[in-house]
Amino acid sequence: MQNSDGAEECQKSLVFFDLETTGLDQSCEIVQLAAVSGGHSLNLYVIPRCRMQRGAAKVTGFRIRRHRLYLHRQLVLTNSLREVLVSFIAFLQMLGRPLVVGHNIRRFDCRLLARALDELDLRAEFDSSISGCVDTLPLAREMLRDRNLQSFRQENLVRELLGVDYKAHDALEDVRALQALYSVLQPTPELICRHRFTLDTMQNKPAIKAAKSKVACNPPQQRPLWEHFRQTVKLTGDKAEEHEEEPKG
């Protein structure tokens, strides 16, 4: 039986978090950190110490030229890695030890985050600012195992459950989409607690038990978050289509 303290921890406020990095291996570095909680958001950029891998640059649109960071050929303002992490910790503290939620963060984002926090001696401060982490990839796999989905990538889940496409591989757009997706999934506190981990326990194998009863994943009657997200994406897409149809002079 889940104790009351554990149940309370799993009903904390939520912060949706994502990183964009120089590549996909564990030696890559952070380029963008974004987080969102309701109407609050954080979006910061870092000039990494290593080169962008060609595949990552193609997918994300990041380029580094003469120690400056460009996103889709536009110069972006950057901060030091310490400034970015300290700002993230302050964002978390503002929300009162929230749960940090992300997609595939247990195997990737949180490991890179932990390495950076350790390097800058900020690990203890980060750990004391959160109630734990939840990875929506295994969470969605458990909740939607009867849906016969071909992929549990975040873009595919958003397309299947929200009916929209969005600009993936931009950390801020990813966390906004994930917040909307999560409001549709509506995992129970018990399910959240089963998937909860910390930076210290993320290397352990998740103790996931198959639920005997199906977890409701239908949208609630009131769904402002995902409806607003879907409408925003639709309007953005319409504008993009209109732009593409303009003749090139």
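Model, not experiment: these values are computed from the prediction. Sequence order as written defines the numbering, with residues in each chain counted from 1. Only residues with pLDDT of at least 70 are given local features in this predicted model, and only at 80 or more are side-chain atom pairs given and counted; all residues enter the totals for whole chains, interfaces and linings. Excluding hydrogens and water, the side-chain figures rest on all heavy atoms present in the structure.

A. Fine view of the packing of aromatic side chains. Pairing of aromatic rings covers Phe, Tyr and the six-membered ring of Trp, with a centre-to-centre limit of 6.5 Å; geometry is then stacked below 30 degrees between planes, edge-to-face above 60, and tilted otherwise. Evaluation of the coordinates by the stated rule reveals four aromatic pairs. A ring pair is formed by Phe 16 and Tyr 182, whose centres lie 5.3 Å apart and whose planes are at 70°; its orientation type is edge-to-face. Of the two residues, Phe 16 is situated in strand β1 (residues 14-21) and Tyr 182 in helix α8 (residues 171-185); the sequence distance between them amounts to 166 residues. This pair shows no difference in class: Phe 16 is buried, exactly as Tyr 182 is. Ring geometry for Tyr 45 and Phe 62: centres 6.0 Å apart, planes at 65°, overall edge-to-face. Here Tyr 45, found in strand β3 (residues 40-45), pairs with Phe 62, found in strand β4 (residues 62-65); they are 17 residues apart in sequence, far enough to count as distant. The helix and strand labels rest on DSSP assignments: H or I over at least four residues marks a helix, E over at least two residues marks a strand, and numbering proceeds from the N terminus. Burial classes: relative accessible area under 20% of the type maximum marks a residue as buried, over 50% as exposed, and values in between as partly exposed (1.4 Å probe, protein chains only).

B. Spatial organisation of the confidence of the model for the chain. The share of residues in the chain with pLDDT of 70 or more is 78%, and the mean pLDDT across the chain is 84. pLDDT: the predictor's confidence for each residue, scored from 0 to 100. Residues count as neighbours in contact if any of their non-hydrogen atoms are within 4.5 Å of one another. Low pLDDT, under 50, characterises residues 209-224; the stretch is placed with 23 contacts to residues that sit more than four places away or in other chains. Here residues 234-249 is modelled with pLDDT under 50, and outside its nearest four sequence neighbours on either side it reaches zero contacts, counting other chains as well.

C. Local environment of the nonpolar core. Here, nonpolar core refers to any group of buried Ala, Val, Leu, Ile, Met, Phe, Trp, Tyr and Cys residues whose side-chain atoms link them within 4.5 Å. Phe 17, Leu 33, Leu 85, Phe 88, Cys 110, Leu 117 and Phe 126 are the most contacted members of the largest nonpolar core, which totals 34 residues. For this core, the secondary-structure elements that each account for two or more residues are β1, β2 (30-37), β3, α3 (81-94) and α4 (105-119). Aside from chain neighbours lying at most four places away, what touches Leu 85 is Leu 33, Leu 113, Ala 116, Leu 117, Leu 120 and Leu 122. Within the second largest apolar cluster, 32 residues are counted, among which are Ala 34, Val 36, Leu 162 and Val 175.

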